[in-house]
Amino acid sequence: MRFRVNGLDYDLNPEADRLLVDLLREGFGLTGTKRGCEDGSCGACTVLVEGEPRHACLTLARRVSGKEITTIEGVSPGRLSHLQRSLVDSGGLQCGFCAPGMILTAVALLRRGKPTRDEIREAISGNFCRCTGYAKIIEAIERAAEEGPTP
Amino acid sequence: MTKVVGARVPLVDGPAKATGKALYAADLVRPGMLHGAIARSGESHARILSIDLWDAMKEPGVAGIITGSLYPRRFGVLPITRDETMLAVDKVRYRGEGIAAVAATSRVAAERAARRVKVEYERLPEYADPEESAGPVAEPIHAGTEGSTNLQKEVRQEFGNVEEEFRRAAHIVSVRGKFPGVTHAALEPHATLAEWGANGRLTVWSSTQVPHYLHRALAEVFDLPAHQIRVVKPTVGGGFGGKGDPMPHEMVAAALSRETGHPVQIVLSREEVFLLNHGRHPTRNTLRIAADAEGHLRAIDLDALIDGGAASSFGTVTTYYNGVLSVGPYDVPAFRYRGRRVYTNRPTSGAMRAHGSVNTRYSMEVALDMLAEEIGVDPTELRLRNFQAPFSTTVNQFRITSNSAVRCLEAARDRSGWRSKFRKMPLGRGIGVGCGFFISGSNSPIHFTPRFPQSTVHLKLDMDGGVTVHSGASDIGQGSDTVLTQIVAEVLGLEPGQVHVAATDTDTAPVDLGSYSSRVTFMMGNAGRKAAEAMLETLRTAAGEISGRSPDSFRAVDGVLASDEGGGVKVPFLDAVHRAMEHRGALQSSGSYESPKIGGSFKGAKAGTSPAYSYAAYIAEVSVDLDLGAIHVEKVWAGFDCGRPINPLLVEGQIEGSIHMGLGQLLGEEMRYRGTRVMNSSLLDYGTLSAVDMPEVECLLVGEADPEGPFGAKEAGEGPLPPVLPAVANAVYDAVGIRFTELPLSPDRVWRALRERERKGGLQKPPSPGGS
Amino acid sequence: MIAESFELHEPTSLQEALHLAHDFPGKFRYLAGGTDILPGLFRGLGSAPHLISLEGVPELRAFDPEHGVVGASTWLSTLERDPILAARFPALAQAAHNVASPSIRNSATLGGNLLLDTRCIFYNQSQFWRESNGYCLKFQGTECQVVPKGAKCYAVYSGDLAPALLALGAVVEIAGPRRRRQVPLGTLFPASGDGREPYRLGPEEILVSIGLPHSNLGSAYAKLRARGMPDFPEAAASVALHATDQRLDYFRIALSGVGSRPVVLDELTEPYLGHPLPEADISKISQEVRRWVHPVANTHLLSDYRQHATSHLVRTQLERLWNAAKESTSGSPSPPSSSPGAPSKKSSRPPRISGFGKR
Ligand SMILES: Cc1cc2nc3c(=O)[nH]c(=O)nc-3n(C[C@H](O)[C@H](O)[C@H](O)COP(=O)(O)OP(=O)(O)OC[C@H]3O[C@@H](n4cnc5c(N)ncnc54)[C@H](O)[C@@H]3O)c2cc1C
Ligand code: SF4
């Protein structure tokens, strides 16, 4: 079975009950995708499937074989995208555990156009953060939006 | 003027975190690694009659199983209360305690096998009610508690003449507060990887706030010389106190590695994290304050009953803090406290951000609001009358140094437009104030004799000109590596990128008490500064040798050592380094911090003493939905005194994050129990606030430099939390005239109170101080 | 967190899906977005040796908001974003927008949402938790933990879409091994209101699509949740109405989150048809709503509060919708069958099924 992750092909036959989050982490060594809650509430496992944010902990791995998957490792290989830069510079991450999911959610949001502050809040409301109180995350996404649509 | 210190320097590990490259304990893999799982007790108080491992052992993939009786040595974060074992021995004390542990070739195999462990129990009476636990009980949870009760710790203190002050008082106000437990809910679940090397040396990678406590506890539990153990802290995904204790699963992973000869990793499930808890204690308190006719505080009389759960953890400290931290930020001539912490058969409570101070602070600040109303003064004015003076001593002999409480409150009051809002907005809208203070690290290290410093930092400088900084302080997301980088860079006149912090590998890091009690910036910062200054001395000497100027005339700025002597000269940093290295090799320096001798000499006098305190004054504006009871916090103005901030970006992050956590506790978070059973052990059910629930926050950093803090800095990690709860509660009172002294203020409970008030004569704004 | 292992089947047609179901009687579950069933399976809430994914079945992807046809596999994010849907069936768009959190809505489907398992604080727990608590009537146990002597389960129906669709008068198309049927959505939710039976479908039946016959109703949806996101409803209400010459000719209220089934209050609303809706009646109706709402203490918030909140949500929606309806002077509550409108953004979707939703 073929998986296309961050533009690379991986061949592996996961068991039917393997979740995407486990396939990425344990199968492909892509540990940037985090496991935070196990009930779909925290969003730390968010990845993009065909460009849309999905919870990798609520997705059976086999269901996304053949689809274009982007994890945090594939957002901007080798350098920081301006969204990532903005998150770091604005203090939008502290412990960093929510950052991968948060960034992927924001990538999809910014691709849809320039969001308002409320749209940002709403878009990241399924990504929990316990450190920042969200203020600087929102600010970081706002700043990144100023810089253009391709985060 | 400083260049790097005081600047908004982004986290040094930010790029690694933003790209998914930062490795957390659950991300680590070692060759041959097995996965561990823990079979947990479904009983909350029971004697173990037998454990049957047969079925578990037969599961495919199982490599080893252990039970508690193999490793019965006790540990605990405080040396005086070691009452935990890695797995239950003889009896279980809470539902979720480990019984046996399995190592297997996959996570799933280990979990399957753990489920097959069969245990026979004899049930014992369960204790869920702290009142009951405070009295004689049929079956004390731990042996050795006084008078056959579940009392773990009792503190009684009295200073000044409390009785007399209450007799003479013009005003007496009392509050009875009830606070459920809350928990850290750091986003990263705890994880550990342990590997017993062929030479008999143990390495443990763990998501911990205090590598050196874990180090110490492992040595005790496995009866090894400490130098045979190495603890490494990878990137940690938040702690807030929840990763401060040495934890049972960390011992279990090590034991399983020893039994199987393989590295073993244990990653806790979110439910297990909730059962491990160590969060803020459920507490009931009764607080009375006495004041003279002008509203000057004369006495505090406080009683707290604290539900500790199944083990001690930091509980002895908690018991003290619940009392002694009530005296600041105000000047109070008399103070009496009785605090009791009892065991119950619930998951253990421990230290959580603003440890021991939140619940007391809530009652105190609500009481002050009531006092202001009784006297007819504005509550901000009442506080201004009572703030303790800078450079003073409290009744319980805390040494107070820098203190900008007044500026905090004035800033928040001005920015918020307090005067035009307080008691002046329509029904349903309100504004309120709450203040606080917090320690910048405990003055007495709990583990070491006072002859050892609390923090030590080593610097290494080699031919490449890069500075490696070794420290045992642990960055758990708060940015201590960044702060240390800034301090060293500042002293040596370098860009932050030339300084590399190599923290928290106990093989290379000097002993440090880790990240808790808001000690890191102050203590590690001072140690780091001294280490860098010692290095600078060496480089000045070298620069003097190169240039013929006197060493003392050199300053380090912008990558050079500059002297104004003899028409001025600039020696490039690297030249000075190379000169100094001649015939000597790499340069090293060391700095350490030891807090001054302060505090009284009575029993418990050290609790709450600190070389410096942060101060805070918050104002919050709310609207209350009169139909549905929901409280909407519109905005918080956070006046904060952390001395001179080393990194305002990070300080603001601490304030905003603290407000998130404080509002969570106020508005909805709660460890819900039915008896001893946790009802909401998942992030969906526990209810930390989401992005759409958060108000706007304006941070007002108005502190003045502290004389002893590194570059004038004090703590900012915990002090920002407590004031927000009472500020909002007092704002709710301003909005609807109802005092809430039981948390959380969830919409259903607020709604009930609103309805009851309507029935009893109507909902209205409280009277304004000048008479309405 | 481990599930009993299962096989995954990925049929590409309705027939194939039905055949597969037939091959594994009693041993399969359909899988749509998986956002409800997967966390359940991994918590040991039931087992399904065979999961039959419906994602590859084209018929379930129909999406024609113009004519009020929405396939069961439509993502909730599509429902909340589609401008035509939002204009014609505001309640549905609002309800979809209120489900879970944004990224979950990219996986969650309409069908899965309607057929959501009922919820309870004693049931949505880990295997370890339930085992040590002696299980309960809903699953593996013998006694309800909420109403100990009760004969039924009070687990709460917590879907957001059902009340909106019920208020809008939705019809569902169901495909079984032998026949297809169209029934009013309400018939899916058994009157018994037992939390053990969240919905009633034949063992192999597949929900294909829903049809919305009325496109010019004023409608709205409102939800009470413990925090902003991503919580299930603690109470929810949807209202749909239409007035001609200031008299109601369509009026429906439906509720969720307060009982073991979604409730339609036709008994309450029917007497008002043919009349205007003065403030006094709005008050009366929202008061009366309470009679249909008897939550028990098995969610996070207090039961009396949830009852009150339901009534309040109904009231605010009634006020708003009636005020809007009064102003408009449009004709019958059914849509003209060839109404022009903006072309669908999602016109590249597979063709819609025929003859549905136009009556
Ligand atoms: C953190 C979190 C928060 C949530 N919050 C909410 C919320 O606020 N409101 C809410 O309503 N839901 C909520 N949910 C539940 C869930 O995400 C949604 O209800 C979603 O719409 C379910 O759709 P699905 O496609 O994922 O269903 P699935 O999980 O795939 O299926 C659900 C059930 O429906 C059956 N099924 C699905 N499609 C068909 C079909 N076409 N024919 C026959 N049977 C079918 C399945 O067999 C299964 O029994 C939440 C979930 C999570 C994880
Ligand atoms: S209502 Fe009773 S039977 Fe139903 S799930 Fe809850 S506890 Fe179980």
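Below: a short report on this structure. (Residues numbered from 1 in each chain as written. Chains lettered and ligands numbered in written order. Predicted model: local features only at pLDDT ≥ 70, side-chain atom pairs only at ≥ 80, totals over all residues. Heavy atoms only, no water.)

What about the overall build of chain A?
Turning to step 1, where the next piece is worked out: Looking only at helices and strands, chain A has five helices and five strands in total.
Turning to step 2, where the next piece is worked out: For chain A, the sequential pattern of α-helices and β-strands runs β-β-α-β-β-β-α-α-α-α.
Turning to step 3, where the next piece is worked out: Since a compact globule built from 151 residues should have a radius of gyration of about 15 Å, the 15 Å found for chain A is in line with a globular shape.
Turning to step 4, where the next piece is worked out: In terms of its C-alpha atoms, chain A occupies a principal-axis envelope of roughly 40 × 30 × 25 Å.
Turning to step 5, where the next piece is worked out: Every one of the 151 residues in chain A was classed for burial, and the buried ones make up 69%.
Turning to step 6, where the next piece is worked out: Within chain A, contacts between residues at least 6 apart in sequence are counted, and of these 60% link residues at least 24 apart. (Helix = DSSP H or I, 4+ residues; strand = E, 2+ residues; numbered from the N terminus. Rg over C-alpha atoms; globule rule 2.2 N^0.38 Å. Buried < 20%, exposed > 50% of the residue type's maximum accessible area, 1.4 Å probe, protein only. Contact = heavy atoms within 4.5 Å.)

Things to note about the pattern of salt bridges
Turning to step 1, where the next piece is worked out: A complete count under the given rule lists 97 salt bridges over all chains for this structure.
Turning to step 2, where the next piece is worked out: The shortest N-O distance in the salt bridge between Arg 230 of chain B and Asp 507 of chain B comes to 3.7 Å. Of this pair, Arg 230 of chain B sits in strand β11 (residues 229-232) while Asp 507 of chain B sits in the loop between β21 (499-503) and α15 (520-547); the two residues are 277 residues apart in sequence, bridging distant segments of the chain.
Turning to step 3, where the next piece is worked out: Classification of Arg 230 of chain B by relative accessible area gives partly exposed; the value is 24%.
Turning to step 4, where the next piece is worked out: Residues Arg 407 of chain B and Glu 704 of chain B are paired through a salt bridge, measuring 2.8 Å at the closest nitrogen-oxygen approach. Here Arg 407 of chain B, found in helix α12 (residues 405-416), pairs with Glu 704 of chain B, found in the loop between β30 (696-701) and α19 (724-736); they are 297 residues apart in sequence, far enough to count as distant.
Turning to step 5, where the next piece is worked out: Here the residues in one salt-bridge network are Glu 15, Arg 18, Asp 22, Glu 26 and Arg 35 of chain A together with Arg 107 of chain B, joined through shared partners. (Salt bridge = Lys/Arg side-chain N within 4 Å of Asp/Glu carboxyl O.)

Regarding the site of ligand 1
Turning to step 1, where the next piece is worked out: Near ligand 1 there are 40 residues, and of these Tyr 30, Gly 34, Thr 35, Thr 109 and Asp 160 of chain C occur at the shortest range.
Turning to step 2, where the next piece is worked out: In this structure, ligand 1 is bordered by residues of chains A and C.
Turning to step 3, where the next piece is worked out: Take Asp 231 of chain C: an N or O atom from its main chain is 3.0 Å from an oxygen atom of ligand 1.
Turning to step 4, where the next piece is worked out: When isolated, ligand 1 has an accessible area of 980 Å², and the protein chains bury 98% of it.
Turning to step 5, where the next piece is worked out: Those elements that provide at least two residues to the shell around ligand 1 are β2 (28-31), α7 (110-114) and β8 (206-211) of chain C.
Turning to step 6, where the next piece is worked out: Residue classes in the shell around ligand 1 are distributed as 20 nonpolar, 12 polar and eight charged. (Near = heavy atom within 4 Å. Polar contact = N/O pair within 3.5 Å; in protein donor to acceptor, adjacent residues only side chain to side chain. Areas by Shrake-Rupley, 256 points an atom, 1.4 Å probe, with all protein chains shown as cover. Nonpolar A, V, L, I, M, F, W, Y, C, P; charged D, E, K, R; others polar.)

With respect to the interface of chain A and chain B
Turning to step 1, where the next piece is worked out: With 43 residues of chain A in contact, the opposing surface of chain B contributes 51 residues.
Turning to step 2, where the next piece is worked out: In total, chain A and chain B occlude about 3600 Å² of area from one another, counting both sides; carbon and sulfur atoms represent 57% of this.
Turning to step 3, where the next piece is worked out: For the pair chain A and chain B, the number of links is seven salt bridges.
Turning to step 4, where the next piece is worked out: Inspection of the region where chain A meets chain B yields 25 residue pairs in polar contact (both at pLDDT 80 or more).
Turning to step 5, where the next piece is worked out: Looking at the side of chain A that touches chain B residue by residue, the classes come out as 18 nonpolar, 12 polar and 13 charged. (Buried area = accessible area lost by both parts, 1.4 Å probe.)

Brief notes about the interface of chain C and chain A
Turning to step 1, where the next piece is worked out: With 31 residues of chain C in contact, the opposing surface of chain A contributes 23 residues.
Turning to step 2, where the next piece is worked out: Taken together, both faces of the contact between chain C and chain A bury some 2300 Å²; the carbon and sulfur share is 55%.
Turning to step 3, where the next piece is worked out: Counting every contact that joins chain C to chain A gives four salt bridges.
Turning to step 4, where the next piece is worked out: Of the charged contacts in the structure, one is a salt bridge between Glu 55 of chain C and Arg 63 of chain A, with a shortest N-O distance of 2.5 Å.
Turning to step 5, where the next piece is worked out: On the surface where chain C and chain A come into contact, there are 10 residue pairs in polar contact (both at pLDDT 80 or more).
Turning to step 6, where the next piece is worked out: Residue assignment for the side of chain C that touches chain A shows that the elements contributing at least two residues are β1 (7-9), α2 (37-42), β3 (50-53) and α6 (102-105) of chain C.

Some details on the packing of aromatic side chains
The geometry of an aromatic ring pair is captured by the separation of the ring centres together with the interplanar angle, meaning the angle of the planes.
All names here are of chain B.
Turning to step 1, where the next piece is worked out: Scanning the model with the defined rule gives 23 aromatic pairs over all chains in all.
Turning to step 2, where the next piece is worked out: Within the aromatic cluster, the residues linked to one another by ring pairs are Phe 159, Phe 335, Tyr 337 and Phe 602.
Turning to step 3, where the next piece is worked out: When the ring centre of Phe 166 is taken as reference, the NZ or CZ atom of Arg 288 above it lies at 4.0 Å.
Turning to step 4, where the next piece is worked out: Directly above the ring of Tyr 733 sits Arg 739, whose terminal nitrogen or CZ lies 3.6 Å from the centroid. (Phe/Tyr/Trp six-rings, centres within 6.5 Å; stacked < 30°, edge-to-face > 60°. Lys NZ or Arg CZ within 6 Å of the ring centre and 35° of its normal.)

Details of the pairing of strand β3 (residues 46-49) of chain A
Residues and elements named next belong to chain A.
Turning to step 1, where the next piece is worked out: Here β3 shows no split at all, with Thr 46 and Leu 48 on one side and Val 47 and Val 49 on the other all buried.
Turning to step 2, where the next piece is worked out: Across four bridges, the pairing between β3 and strand β4 (residues 52-55) is antiparallel. When the bridges of β4 are listed, Val 49 appears paired with Glu 52.
Turning to step 3, where the next piece is worked out: In this structure, the hairpin formed by β3 and β4 is closed by a connection of two residues, where Glu 50 is found at a positive phi of approximately 50°. (Pairing = 2+ DSSP bridges.)

Remarks on empty space enclosed by the protein
Turning to step 1, where the next piece is worked out: Inspection of the entire model under this criterion finds 13 cavities of 30 Å³ or more.
Turning to step 2, where the next piece is worked out: Within this model, the largest cavity holds a volume of roughly 230 Å³.
Turning to step 3, where the next piece is worked out: What lines the largest cavity is a set of 16 residues, and nearest its centre among them are Asp 685 of chain B together with Arg 119, Phe 232, Glu 234 and His 300 of chain C.
Turning to step 4, where the next piece is worked out: The volume enclosed by the second largest cavity comes to roughly 150 Å³.
Turning to step 5, where the next piece is worked out: Forming the walls of the second largest cavity are 15 residues, and the residues nearest its centre are Arg 54 and Arg 63 of chain A together with Ala 32, Gly 33 and Glu 55 of chain C.
Turning to step 6, where the next piece is worked out: A class-by-class count of the residues in the lining of the second largest cavity yields five nonpolar, five polar and five charged. (1 Å grid on protein atoms, 1.4 Å probe; cavity = no way out; pocket = protein on both sides within 12 Å on 5 of 7 lines; lining within 4 Å. Points joined across faces, edges and corners; volume = space filled by probe spheres on them.)

Observations regarding the environment of Thr 609 of chain B
Turning to step 1, where the next piece is worked out: Take Thr 609 of chain B: it is sitting in the loop between β25 (587-593) and β26 (613-624).
Turning to step 2, where the next piece is worked out: As a C-alpha pair, Thr 609 of chain B and Tyr 593 of chain B span 16 residues in sequence and 16 Å in three-dimensional space.

Details of the sheet that holds strand β8 (residues 171-179) of chain B
In sheet architecture, strand pairing relies on hydrogen bonds along the backbone and comes in two forms, parallel and antiparallel.
Residues and elements named next belong to chain B.
Turning to step 1, where the next piece is worked out: In spatial order, the strands read β7-β15-β14-β13-β8; together these five strands make up an open sheet with mixed pairing. Each of the sheet's edge strands pairs with one partner strand only, and the pair in question is β7 (151-159) and β8. Taking the axes of each pair of neighbouring strands and ignoring which way they run, one obtains an average angle of 5° across the sheet.
Turning to step 2, where the next piece is worked out: For β8 and strand β13 (residues 283-291), the ladder comprises nine bridges, and the chain directions are antiparallel. By the bridge assignment for β13, Val 173 is matched with Ile 289.
Turning to step 3, where the next piece is worked out: Helix α9 (residues 315-324) rests against β7, β13, β14 (297-309) and β15 (334-343) of the sheet, and its axis sits at about 150° to β15. (Axes fitted to C-alpha atoms, helices over the stretch in contact; angles between N-to-C directions.)

Here's the deal with unusual backbone geometry
Turning to step 1, where the next piece is worked out: The amide bond that connects Leu 743 of chain B to the next residue, Pro 744 of chain B, takes the cis arrangement and shows omega of -10°.
Turning to step 2, where the next piece is worked out: Tracing the chain through its elements places Pro 744 of chain B in the loop between α19 and α20 (747-759).
Turning to step 3, where the next piece is worked out: Here Met 229 of chain C and Pro 230 of chain C are connected by a cis peptide whose omega angle stands at -5°.
Turning to step 4, where the next piece is worked out: Within the secondary structure, Pro 230 of chain C is located in the loop between β9 (218-224) and β10 (235-244).
Turning to step 5, where the next piece is worked out: A positive phi angle, close to 70°, is found at Asp 90 of chain B, a residue other than glycine.
Turning to step 6, where the next piece is worked out: Structurally, the position occupied by Asp 90 of chain B is in the loop between β3 (62-67) and β4 (91-92).
Turning to step 7, where the next piece is worked out: Judged by its relative accessible area of 56%, Asp 90 of chain B falls in the exposed class.

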